[in-house]
Amino acid sequence: MKIRNLFTALFIFFGSSVYAQSFYEMKFYFKNSDDPKDILRFNAFFLLNDDGTGEMRISIKGAVPKDDIILEGNLTQGFAKDKNKQNNYSKMYYTGKKFTIVIGDIEDQIPPFTFWFKHNEATDEYDPWAVMTKDLEGKDLQGVIEGHPRLLGDADLTKNFILTYYTKDEEIYKNLFETNIRVLTPELKKSRMFLLIVADTDDEQIGPDCQKDREKQTAYFKKIADKLEISFIPLELTGKNLSRKNLLAKINEIMPTKNDIVIFHFSGHGYSKNDNRQYPYLDLRYDKDIPVNPADEINMEEVYALITNKPGRLNLVISDCCNWHLEMSNMQSANIANPRPSPVGLSVENMKALFMSPNRTSLMITAAQKGEVSAGNAVSGGIFSGQFREALQKYMGINYQNISWEQITQNVSTQTATVAGYSNCPRPENRAIIGACKQTPIYKMN
């Protein structure tokens, strides 16, 4: 099927939401003349991940089924610019380009599609606003949206709907309609998830950020434990109780079996020293005006060794803190709204692949490499902590199969660096210079 020269233009979409993917369907067309033959209608399905990435499918119906076309493109997020070329967060867009043909035949070059969203102050979310493309002369061409873009839920993802945009051989179809959920054995049903949260919630500078991390990490991992139908055992060390002695005592309280999961999450101040350690020292002082002594610090690698010496099936040791000079503090990041999330469930099979694998896995990951600060705010918590949750949400979604912790860690590193760049931090090479934050998570996996 050949698309007329109307393919002079098309569209894009957007990206991020709070611990949930967004699924939209939008119907639109472009018109560059009064001739009805120059009107080509498109059905678009957008799958938007929490990390600002996504994919879209475009369905173009032919006169007969053999002329149908399905196109696929990745989505990248962006924001409008003000007169000083700074990000204007009142308007957001997602662009799709470099399309591949899933079904059908197209002779014309496929232009990029751009979908614009406006910030709704009442809901603090982005709402669909416009769809744009380029005509044959490279000029902007605005599309006409038919009706209202539809936010999709579980009930909308029927076989007929999915087959409008996907084939039966693709992962999203298999996850929704072909996967046989493996039931946990009686032994595995006895598994437990231990979560130890260590958060500097009383700190004058970053206490609210750490409190938000504490709340969100606890809620998120409890949700996973509940979905897996295993016991959830939370432990905490916060505020005035911070010290090396108390931390070691909390770690000693964790007595996992070979089927259990152990998660450690630190949110607070961290720093590096002039030594060979690439992972940060965790600042466990309640009073930051007193000098650091061995009773007030522990290196992340020590925590990792203590936890991996226990027999748990999965060990996650996570820290959201700076990895630079002791006097540097976590930076305040921009607070950016998100599109409205869809009420669509995750793939339980993907959860099991990550959290209930028969192969013992241990992961240590921190927010920034040596010589960098971490960023966050009191609304969203740490950028890194948020991106860690969002990577989990993305890969546990219905459009993935055969997922791994390697995919999670790579996504966290890439997206943390991207999102941190929206905020300003001291430059690692000269801290007197303030510029886009450079924050690159590092990790080790056994």
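You'll find the structure just up there.
In this text, all values refer to a predicted model and were calculated from it rather than measured experimentally. (Residues numbered from 1 in each chain as written. Predicted model: local features only at pLDDT ≥ 70, side-chain atom pairs only at ≥ 80, totals over all residues. Heavy atoms only, no water.)

Undergrad: How should the state of the cysteines be read in this particular structure?
TA: Here a disulfide denotes a covalent bond joining the sulfur atom of one cysteine to the sulfur atom of another. This model, assessed by the stated rule, comprises zero disulfides. No disulfide involves C210; its sulfur sits 9.6 Å from that of C321, the nearest cysteine. (Disulfide = S-S within 2.5 Å.)

Undergrad: I tried to follow the sheet that holds strand β17 (residues 314-320) on my own but got confused; where do I start?
TA: Sheets are built from strands paired through backbone hydrogen bonds, the pairs being either parallel or antiparallel. Strand order in the open sheet made by the six strands is β12-β11-β13-β17-β20-β25, with mixed pairing throughout. At either end of the open sheet lies a strand with only one pairing partner, and these are β12 (231-238) and β25 (442-445). In this sheet, neighbouring strand axes are inclined to one another by 10° on average, regardless of whether the strands run parallel or antiparallel. Direction of pairing for strand β11 (residues 192-199) relative to strand β13 (residues 261-267): parallel, over a ladder of seven bridges. What sits directly across from M193, in β13, is I261. Its contacts with the sheet place helix α7 (residues 383-395) against β13, β17 and β20 (361-366), and it is angled at close to 150° to β17. (Pairing = 2+ DSSP bridges. Helix = DSSP H or I, 4+ residues; strand = E, 2+ residues; numbered from the N terminus. Axes fitted to C-alpha atoms, helices over the stretch in contact; angles between N-to-C directions. Contact = heavy atoms within 4.5 Å.)

Undergrad: In this structure, what is going on with the packing of aromatic side chains? I would like to understand it.
TA: Each aromatic ring pair is characterised by the separation of its centres together with the angle its planes make. In the structure shown here, the tally under the stated rule is 21 aromatic pairs. Both rings, one in Y93 and one in W116, keep their centres 4.8 Å apart while their planes meet at 55°; by these two values the pair is tilted. Remark: W116 occurs in strand β6 (residues 113-120) and Y93 occurs in strand β5 (residues 87-103); sequence separation between them is 23 residues. For the ring pair Y395 and Y400, a centre distance of 4.7 Å and an interplane angle of 50° mean the geometry is tilted. The exposure classification of Y395 matches that of Y400, with both residues buried. (Phe/Tyr/Trp six-rings, centres within 6.5 Å; stacked < 30°, edge-to-face > 60°. Buried < 20%, exposed > 50% of the residue type's maximum accessible area, 1.4 Å probe, protein only.)

Undergrad: Please clarify how the pattern of salt bridges should be interpreted in this entry.
TA: Two side chains with opposite charge may pair up if their charged atoms get near one another. Per the stated rule, a full pass over the model turns up 22 salt bridges. Residue D202 is joined to K240 by a salt bridge in which the shortest nitrogen-to-oxygen separation is 3.8 Å. Separated by 38 residues along the polypeptide, D202 in the loop between β11 and α3 (207-228) and K240 in the loop between β12 and α4 (244-253) bring together distant segments of the chain. Look at D202 and you get partly exposed, because its relative accessible area is 38%. The partner of K273 in a salt bridge is E297, with the nearest N and O atoms 2.7 Å apart. A residue pair is termed long-range when its members are at least 10 positions apart, and K273 in the loop between β14 (270-271) and β15 (281-283) and E297 in strand β16 (residues 297-299) qualify at 24 residues. The partly exposed category is assigned to K273, whose relative accessible area is 31%. The network of salt bridges with common partners includes E25, R150 and D156. (Salt bridge = Lys/Arg side-chain N within 4 Å of Asp/Glu carboxyl O.)

Undergrad: Just checking my understanding: could you explain the nonpolar core for this structure?
TA: One recurring pattern in soluble globular proteins: nonpolar side chains tend to sit buried together. Among the nonpolar cores identified, the biggest contains 39 residues, and M193, F221, F355, L392, M396 and W405 are the most heavily contacted of them. Beyond its immediate chain neighbours, meaning those up to four positions away, F221 contacts M193, L195, F232, I263, F355, F388 and L392. Among the nonpolar cores identified, the runner-up in size contains 27 residues, and F28, I58, F79 and F99 belong to it. (Core = buried A, V, L, I, M, F, W, Y, C linked by side-chain atoms within 4.5 Å.)

Undergrad: Looking at this structure, how should I read the pairing of β13?
TA: Two faces make up the sheet, and in a regular strand the side chains alternate between them. The buried fraction of β13 amounts to seven of the seven residues, a majority that puts the element mostly inside the structure. By the alternation rule, side chains of β13 split into I261, I263, H265 and S267 and V262, F264 and F266, which are all buried. One ladder, built from seven bridges, connects β13 with β17; its direction is parallel. Considered in β17, the bridge of V262 is made with N315.

Undergrad: Honestly, the packing of α3 against helix α6 (residues 348-355) in this entry has me stumped. Any pointers?
TA: As a packed pair, α3 and α6 sit with axes 10 Å apart at the nearest point and diverge in direction by 110°. What the angle tells us is that α3 and α6 run roughly perpendicular. The segment α3 lies against α6, with F221, I224, K227 and L228 engaging M351, K352 and F355. Taken together, the residues of the contact of α3 with α6 sort by class into five nonpolar, no polar and two charged. (Parallel < 35°, antiparallel > 145°, perpendicular 65-115°, else oblique. Nonpolar A, V, L, I, M, F, W, Y, C, P; charged D, E, K, R; others polar.)

Undergrad: Looking at this structure, I do not really get the sheet that holds β16. What am I missing?
TA: Read from one edge of the open sheet, three strands run β14-β15-β16, paired in antiparallel fashion. The open sheet has two edge strands with one neighbour each: β14 and β16. Of the pairings in the sheet, the one linking β15 to β16 comprises three bridges and is antiparallel in character. Note on β16: the bridge partner recorded for L282 is I298. Taken strand by strand, helix α5 (residues 300-308) contacts β15 and β16, and its axis lies near 70° from that of β16.

Undergrad: When you look at the environment of G381 in this model, what are you seeing that I'm missing?
TA: Mapped onto the elements of the fold, G381 is located in strand β22 (residues 381-382). For G381, a relative accessible area of 2% gives the class buried. In the structure, G381 is positioned 165 residues away from K216 in sequence and 8.2 Å away in space, judged by C-alpha atoms. Residues contacting G381, with those up to four places away along its chain left out, are D209, K212, D213 and G376.

Undergrad: Is there a simple way to think about α3 in this case?
TA: Along an α-helix, a turn takes 3.6 residues, which lines up residues three or four apart on a common side. With 22 residues, α3 ought to run about 32 Å at 1.5 Å a step, and its terminal C-alpha atoms sit 32 Å apart, in line with that. Of all the residues in α3, the buried ones are G207, D209, C210, D213, K216, Q217, Y220, F221, I224, A225 and L228. Positive phi shows up at E229, right after α3, with a value of about 60°. (Expected span 1.5 Å × (residues − 1).)

Undergrad: What is the right way to read the packing of α3 against α7 from this model?
TA: As a packed pair, α3 and α7 sit with axes 10 Å apart at the nearest point and diverge in direction by 15°. Classified by the angle their axes make, α3 and α7 are roughly parallel. Judged by the twist between their axes, the crossing of α3 over α7 is left-handed. Across from D213, K216, Q217, Y220, F221, K223 and I224 in α3, the residues of α7 making contact are S385, F388, R389, L392 and Q393. Among the residues forming the contact of α3 with α7, the class breakdown is five nonpolar, three polar and four charged. (Left-handed = near helix turned anticlockwise from the far one by under 90°.)

These figures come from the coordinates and say nothing about function on their own.
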